[in-house]
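If you want the building blocks of each chain, they are given just below.
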Amino acid sequence: MGAASDVQQQVQSLQLDGKTMSFTEVVQQKKPYYEKRVQLFEQYAARQKDRIEAAKAANVPIKIVLPDGATKEGLKGVTTPLDVAKQISNSLAKKVVVAKVDGETWDVFRPLEGDCALQLHSFDDPEGRETFWHSSAHMLGQALELEYGVDLTIGPALEEGFYYDCYMGDKALSDGERSNIEKRIEAIAKDGQRFERVVVSRDEALAMFEENKFKIEIINGLPEDATITIYRVGPMVDLCSGPHLPNSSFVKAVSVFNVSRAFWRADVAKEPLQRVYAITFPDKAQLKEWQHRIEEAKKRDHRNVGVQQELFFFHQLSPGSCFFLPYGGRIYNALIELMREKYWEYEYEEVVSPNIYNFSLWETSGHADHYRENMFSFDVEKAEYGLKPMNCPGHCLMFGNRVRSYRELPLRLADFGVLHRNEFSGALHGLTRVRRFVQDDAHIFCRPDQVMAEVTSFLKMLNEVYDIFGLDYTMALSTRPEGYLGTCTSQQSYPVTFILTHVLQTPPIVFHSLWRRIQSC
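Here we summarise the structure given alongside this text. (Residues numbered from 1 in each chain as written. Predicted model: local features only at pLDDT ≥ 70, side-chain atom pairs only at ≥ 80, totals over all residues. Heavy atoms only, no water.)

1. Some remarks on the overall build of the protein chain
Move 1: A tally of regular secondary structure across the protein chain gives 16 helices and 26 strands.
Move 2: Split into buried and exposed, the 521 residues of the protein chain put 42% on the buried side.
Move 3: Look at the contacts in the protein chain between residues 6 or more apart in sequence, and 66% of them connect residues 24 or more apart.
Move 4: Side chains of the protein chain carry 60 positive and 71 negative charges; the gap between the two charge centres is 2 Å. (Helix = DSSP H or I, 4+ residues; strand = E, 2+ residues; numbered from the N terminus. Buried < 20%, exposed > 50% of the residue type's maximum accessible area, 1.4 Å probe, protein only. Contact = heavy atoms within 4.5 Å. Lys, Arg positive; Asp, Glu negative; His and termini not counted. Charge placed at Lys NZ, Arg CZ, Asp CG, Glu CD.)

2. What about the pairing of strand β14 (residues 272–281)?
Move 1: With nine of 10 residues buried, β14 lies mostly within the body of the structure.
Move 2: Bridge analysis of strand β9 (residues 162–167) against β14 gives five bridges, and the strand direction is antiparallel. Along β14, the bridge assignment pairs Tyr-164 with Val-276. (Pairing = 2+ DSSP bridges.)

3. Some details on the packing of aromatic side chains
Move 1: A complete count under the given rule lists 20 aromatic pairs for this structure.
Move 2: Relative to Trp-133, the ring of Phe-123 has its centre 5.7 Å away and its plane inclined at 90°; by these criteria the two rings are edge-to-face. With Phe-123 in the loop between β7 (116–121) and α5 (126–148) and Trp-133 in helix α5, the pair connects residues that are 10 residues apart, well separated along the chain. Of the two residues examined, Phe-123 and Trp-133, each falls in the buried class.
Move 3: These aromatic residues form a ring-pair network of at least three members: Phe-123, Phe-132, Trp-133 and Phe-281.
Move 4: For Arg-37, the ring lying beneath its charged end belongs to Tyr-33, and the centroid distance is 4.8 Å.
Move 5: Positioned over the ring face of Tyr-163 is Arg-275, at 4.0 Å from the centre of the ring. (Phe/Tyr/Trp six-rings, centres within 6.5 Å; stacked < 30°, edge-to-face > 60°. Lys NZ or Arg CZ within 6 Å of the ring centre and 35° of its normal.)

4. Focus: the sheet that holds β7
Move 1: Taken together, the five strands give an open sheet; going across it, the order is β4-β3-β7-β5-β6, and neighbouring strands pair in mixed fashion. This sheet does not close on itself; its edge strands, each paired only once, are β4 (71–75) and β6 (104–106). Neighbour-to-neighbour, the strand axes of this sheet turn through a mean angle of 35°, independent of strand direction.
Move 2: Where strand β3 (residues 61–65) meets β7, two bridges bridge the pair, whose relative direction is parallel. Residue pairing in the sheet places Ile-64 in a bridge with Cys-116 of β7.
Move 3: Taken strand by strand, helix α3 (residues 81–88) contacts β3, β4, β5 (98–101), β6 and β7, and its axis lies near 75° from that of β7. (Axes fitted to C-alpha atoms, helices over the stretch in contact; angles between N-to-C directions.)

5. Section: the nonpolar core
Move 1: Core analysis: the biggest nonpolar cluster contains 39 residues, and Leu-140, Leu-144, Tyr-148, Ile-181 and Ile-185 have the highest contact counts within it.
Move 2: Grouped together as the second largest cluster of nonpolar side chains are 23 residues, Tyr-33, Phe-41, Met-208 and Leu-239 included. (Core = buried A, V, L, I, M, F, W, Y, C linked by side-chain atoms within 4.5 Å.)

6. What about a nonpolar patch on the surface?
Move 1: Residues Ile-331, Leu-335, Ile-468, Phe-469 and Leu-471 make up a contiguous nonpolar surface patch of about 470 Å² in total accessible area.
Move 2: With respect to the secondary-structure elements, Ile-331 resides in helix α11 (residues 326–345). (Patch = residues over 30% accessible without salt bridge, like charges linked within 9 Å, V, L, I, M, F, W, Y side chains within 5 Å. Areas by Shrake-Rupley, 256 points an atom, 1.4 Å probe, with all protein chains shown as cover. Salt bridge = Lys/Arg side-chain N within 4 Å of Asp/Glu carboxyl O.)

7. Quick look at the pattern of salt bridges
Move 1: Counted by the stated rule, this structure contains 33 salt bridges.
Move 2: As a salt-bridge pair, Glu-53 and Lys-56 come within 3.6 Å of each other at their nearest N and O atoms. With a gap of three residues between them, Glu-53 and Lys-56 both fall in helix α2 (residues 23–58), about one helical turn apart.
Move 3: On the basis of relative accessibility, which here comes to 47%, the residue Glu-53 falls in the partly exposed class.
Move 4: Lys-342 is the salt-bridge partner of Glu-464, the closest N and O atoms lying 2.8 Å from each other. Linking Glu-464 in helix α15 (residues 451–468) with Lys-342 in helix α11, this pair joins segments that are 122 residues apart in sequence.

8. Description of the sheet that holds strand β13 (residues 253–263)
Move 1: Strand order in the open sheet formed by four strands is β8-β9-β14-β13, with antiparallel pairing between adjacent strands. Each edge of the open sheet carries a strand with a single partner, namely β8 (151–152) and β13.
Move 2: The sheet contact formed by β8 and β9 spans two bridges and is antiparallel. Residue pairing in the sheet places Asp-151 in a bridge with Tyr-167 of β9.
Move 3: The strands touched by helix α6 (residues 178–191) within the sheet are β13 and β14, with β13 carrying the most contacts at an inclination of about 125°.

This is the structure in structure tokens:
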């Protein structure tokens, strides 16, 4: 047992300042930083306790309105949502994990600041699950620091579970580390560590995290008027907006289910990170239910089904590019024929366009400035060329090939052209994220007075196709997002924007309006 442990210690090592150090040695080296954070936190927390004592002395009453209209009395700066929950029932107090105060999510241990409307949420509510998993991410962060001496970056809650990204230099975590991390989190949960919150100045935050360049970058990127909050759970102190659980004992079951690679700010040119995914629950039965559901989903994973039924496969010699086998080819061609029938019905003209273009086309269209890193490019006879990632510029060349008459409009060009996009290898995922693909792509050239009819007709076709496969969708109107192409002319933009909005708000279209920079037009 001792020999095996020694071997594991040798394997679990990293290169730091030119010296090979075990994870235990790295943790010991980081200990002064961890302890400094706690000391500073306690200093700032004492300031907050003084404010609570002053609020007790002031004895200012407040009225708290519950969702059913009932009211509770409290003291400004003293009474917490958890105090209110205890007034209602002990069982509620044991279940509540987060509150909403006048619509704002709020720690249940944070004093109320005045008259307010109060809602209390448990793990059964979406707000409760998000808080539960966000707090669990902090527990994961503590485990990663104490076990490996990592530099923490960000650790958000997800739709199911959470992750934490951490920096480990040129070393990586293996799947074999997952059980160690789970045990650490279980110990933290059993310890019942309290979550605490303090508000600090920008300079105080910078001083607390000066040894972590990632946290410093986040702090420096906050708006000048931002309220900066710090949370502590046990020896782990982190920059965070909250809210959080009252304590770590709410977590009764944990699964660390994946370890993968990421990059700081999702930029492959920046520092490589280790991303650890996990999920927690307030009881073991819910964890077992989730694990069963995940196992069943794996059986239906299209990547497994594709191989098992000999439909398609992927190969490392052409990553992100699907090999459709004969059975898969039949399905592929059937889908194309279905769309061809729809194109014929809705009077689209099918065209065939090149795969490779001189890069001057992408410079004219603006894609060279905004999309170059996602394109495959190469030199041909001292000129730069690129594989097309979309059909738009090519169709514009077709439209501009000769002088057009308004009588030709609307002109609907459809294309089953092959597209290539240089996705990061870590982002590739079966058929849902690839480098080589074909989309049933089309562009409509029309007069402004034809826009409404054309968009309405297209959405009708879209609904018909989606209904065949039982698919639901939500439509979003993007007008002028950050980094948009082209010029913004109000005379041109406003009529089209209003027409699109009118069409998308007409039932049965489900429309979510994303107004971005319309006012600048």
